[in-house]
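These are the residues of each chain, in order.
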Amino acid sequence: MAVIPTPARRRTTVAVEDYLEKIEQLIARKGYARVVDIAAGLKISQASVTAMVQRLDAEGFIKYEKYRGMVLTSSGLEVARRIAHRHQLLTDFLRVIGVADEKVIYDDVEGMEHHISPDTFKAIESLTRYLEKNPAVVSKLKSER
Ligand code: ZN
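Throughout what follows, the structure given in this document is the object of discussion. In this text, all values refer to a predicted model and were calculated from it rather than measured experimentally. Residue numbers run consecutively from 1 along every chain, following the written order of its sequence. A pLDDT threshold of at least 70 governs which residues receive local features in this predicted model, and a stricter bar of 80 or more applies before side-chain atom pairs are shown or counted, although totals over entire chains, interfaces and linings include all residues. Side-chain descriptors were evaluated using all non-hydrogen atoms of the structure, hydrogens and water having been removed beforehand.

Turning to the coordination of the zinc ion, a few remarks are in order. In the first shell of the zinc ion, the protein supplies Glu21 (OE), Glu21 (OE), His87 (ND1), Glu110 (OE), Glu113 (OE) and Glu113 (OE), at 2.0 to 2.8 Å from the metal. Keep in mind that water is not among the atoms, so a site may look incomplete; donors are the N, O and S atoms within 2.8 Å of the metal, or 3.2 Å for Na, K and Ca. In these descriptions, tetrahedral denotes four donors with every angle between 85 and 135 degrees, square planar four donors and octahedral six donors with opposite donors over 155 degrees apart and the rest between 65 and 115, and irregular any other case. Angles of 52 to 157 degrees at the metal separate the six donor atoms of the zinc ion, which places the site in the irregular class. In primary sequence terms, the donor set of the zinc ion follows E-x65-H-x22-E-x2-E. Any residue under 20% of the maximum accessible area for its type is buried, any over 50% is exposed, and the rest in between are partly exposed; the area is computed with a 1.4 Å probe on protein chains only. Exposure remark for Glu110: the relative accessible area of 18% places this residue in the buried category. Since its relative accessible area comes to 0%, Glu113 is described here as buried.

Here is the structure:
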């Protein structure tokens, strides 16, 4: 049975998270997010983006007007910020453990950020902050590879 959760507690899908993350980045960078830019950013057809944007509007994550663009609602912004925070933390984590290729880091983070439980995320966060404060541990780790 379909239960409609409250917006703030609703579990979001990977696609919803990716779209909201991208829309937030575009608005932060350019001041607006257009379907064409989202399509280019996510490498998805404009028709698919339009359908998804309408769904995000219907679900209360954005407000979309065809000729005026879109803005994130407070629940859309909450999801976008949560993902942006995870994205940054996981990037920090991969860097501190010695992953050097920024493209690899980006692609791995894009996959990981949607699939980590809050508990695991907290554990990775503590480990990352610990390693950042203890470069000697990081050096030892690298020397044992
Ligand atoms: Zn991301």
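The subject of this paragraph is the nonpolar core. Here, the term nonpolar core denotes a set of buried Ala, Val, Leu, Ile, Met, Phe, Trp, Tyr and Cys residues that are joined through side-chain atoms within 4.5 Å. With 21 residues, the main nonpolar core has Leu20, Ile23, Ile38, Leu56, Ile62 and Met70 as its most contacted residues. Under the scheme used here, helices are H or I runs from DSSP no shorter than 4 residues and strands are E runs no shorter than 2 residues, and both carry numbers assigned from the N terminus. Of all the secondary-structure elements, those providing two or more residues to this core are helix 1 (14-30), helix 2 (35-42), helix 3 (46-58), strand 1 (62-65), strand 2 (69-72) and helix 4 (74-96). Contact between two residues is taken to exist if any of their heavy atoms lie within 4.5 Å; hydrogens are not considered. Setting aside anything within four residues of it in sequence, one finds Leu56 in contact with Val16, Tyr19, Leu20, Ile23, Phe61 and Ile62. Leu90, Phe93, Ile116 and Ile124 belong to the second largest nonpolar core, which has nine residues in total.

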